[in-house]
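Coordinates in review
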Amino acid sequence: MESTFLVDNVFFIIAAMLSGGMLLWPMIARNSAREIDAQRAVRLINYEDALVLDVRDDSEYASGHLPDAKHIPVESIKDRWNELEKFKDKPVVIIFTPGLRAGQAGTLLRKNGFARVFNLSGGIETWQRENLPVVKKSK
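The present account deals with the structure reproduced in this document. (Residues numbered from 1 in each chain as written. Predicted model: local features only at pLDDT ≥ 70, side-chain atom pairs only at ≥ 80, totals over all residues. Heavy atoms only, no water.)

1. Regarding the overall build of the protein
- Looking only at helices and strands, one finds seven helices and five strands in the protein.
- When the helices and strands of the protein are placed in sequence order, the string is α-α-β-α-β-α-β-α-β-α-β-α.
- Buried residues in the protein amount to 36% of all 139 residues.
- Put simply, the protein shows about 8,900 Å² of open surface, and 56% of that area lies on carbon and sulfur atoms. (Helix = DSSP H or I, 4+ residues; strand = E, 2+ residues; numbered from the N terminus. Buried < 20%, exposed > 50% of the residue type's maximum accessible area, 1.4 Å probe, protein only. Areas by Shrake-Rupley, 256 points an atom, 1.4 Å probe, with all protein chains shown as cover.)

2. Structural notes on the pattern of salt bridges
- Summed over all chains, the structure comprises six salt bridges.
- Note that Glu48 and Arg116 form a salt bridge whose closest N and O atoms lie 2.7 Å from each other. In this pair, Glu48 is assigned in helix α3 (residues 38-48) and Arg116 in the loop between α6 (101-111) and β5 (117-120), connecting sequence segments 68 residues apart.
- Overall, Arg116 belongs to the partly exposed group, its relative accessible area being 30%.
- Between Arg80 and Glu83 there is a salt bridge, with its nearest N and O atoms 2.8 Å apart.
- Relative accessible area serves as the criterion here: at 26%, Arg80 is assigned to the partly exposed category.
- A residue is classified by how much of its surface remains accessible, and Glu83, at 33% relative accessible area, is partly exposed. (Salt bridge = Lys/Arg side-chain N within 4 Å of Asp/Glu carboxyl O.)

3. Re α3
- The complete set of buried residues in α3 reads Ala38, Ala41 and Leu44. The arc that holds every buried residue of α3, seen down its axis, measures 120°, which confines them to one face. More than 90 degrees from the buried face of α3, the exposed residues found are Asn46 and Tyr47.
- Where the residues of α3 are buried, they touch β1 (34-36), β4 (92-95), β5 and α7 (123-129).
- Asp49 sits one or two residues past α3 and shows a positive phi near 50°. (Arc of directions from axis to C-beta. Contact = heavy atoms within 4.5 Å.)

4. Remarks on the environment of Trp127
- Position of Trp127 relative to the elements: it lies in helix α7.
- Separated by 62 residues in sequence, Trp127 and His65 have C-alpha atoms that sit 9.5 Å apart.
- Ignoring sequence-local partners within four residues, the contact set of Trp127 consists of Ala38, Ala41, Val42, Ile45, Leu66, Leu120, Leu132, Pro133 and Val134.

5. A closer look at unusual backbone geometry
- One non-glycine residue, Asp49, lies in the positive phi region at around 50°.
- Structurally, Asp49 is set in the loop between α3 and β2 (51-54).
- Phi is positive for Asp68, which is not a glycine, with a value near 60°.
- When you line up the elements, Asp68 lands in the loop between α4 (58-62) and β3 (70-71).
- On the accessibility criterion, Asp68 (59% relative accessible area) is exposed.

6. Section: the packing of aromatic side chains
- Applying the stated criterion across every chain, the model contains two aromatic pairs.
- Aromatic side chains Phe11 and Phe12 sit 5.5 Å apart centroid to centroid with 75° between the ring planes, which places their arrangement in the edge-to-face category. Of the two residues examined, Phe11 and Phe12, each falls in the exposed class.
- Plain terms: the ring middles of Trp81 and Phe114 are 6.5 Å apart, the flat faces sit at 85° to each other, and that makes the pair edge-to-face. Here Trp81 is found in the loop between α5 (77-80) and β4, whereas its partner Phe114 is found in the loop between α6 and β5, with 33 residues between them in sequence.
- Overall, the relative accessible area of 18% leaves Trp81 in the buried class. (Phe/Tyr/Trp six-rings, centres within 6.5 Å; stacked < 30°, edge-to-face > 60°.)

Encoded structure:
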């Protein structure tokens, strides 16, 4: 029985396609926000006056949020992103509960001209794990 190159090397072909896709992914996803760790977020907040944007829902926000965070739930970001217009030239650090919400907010902001948009890697859970300040009363 004669086999073909494709059949004999199917594993390698699949691996090559997956690695090529992984190499292309940053170009495809360039409109989304980059992930940063808590220490980088602190530096952006303290030294570059970054806007902290909390996109969690109301109950999550009330349970604890970063000091001076602007709260716009991700469900409302399409209608309310213009409230952030004055922060276009500043870094924006998005706080979320792990899931798709931060990606949606970051993509929308980047498409509307915000150049420096970052997601806090691991979201609010990472911030709390690092024992960084959290406010539990709403403003």
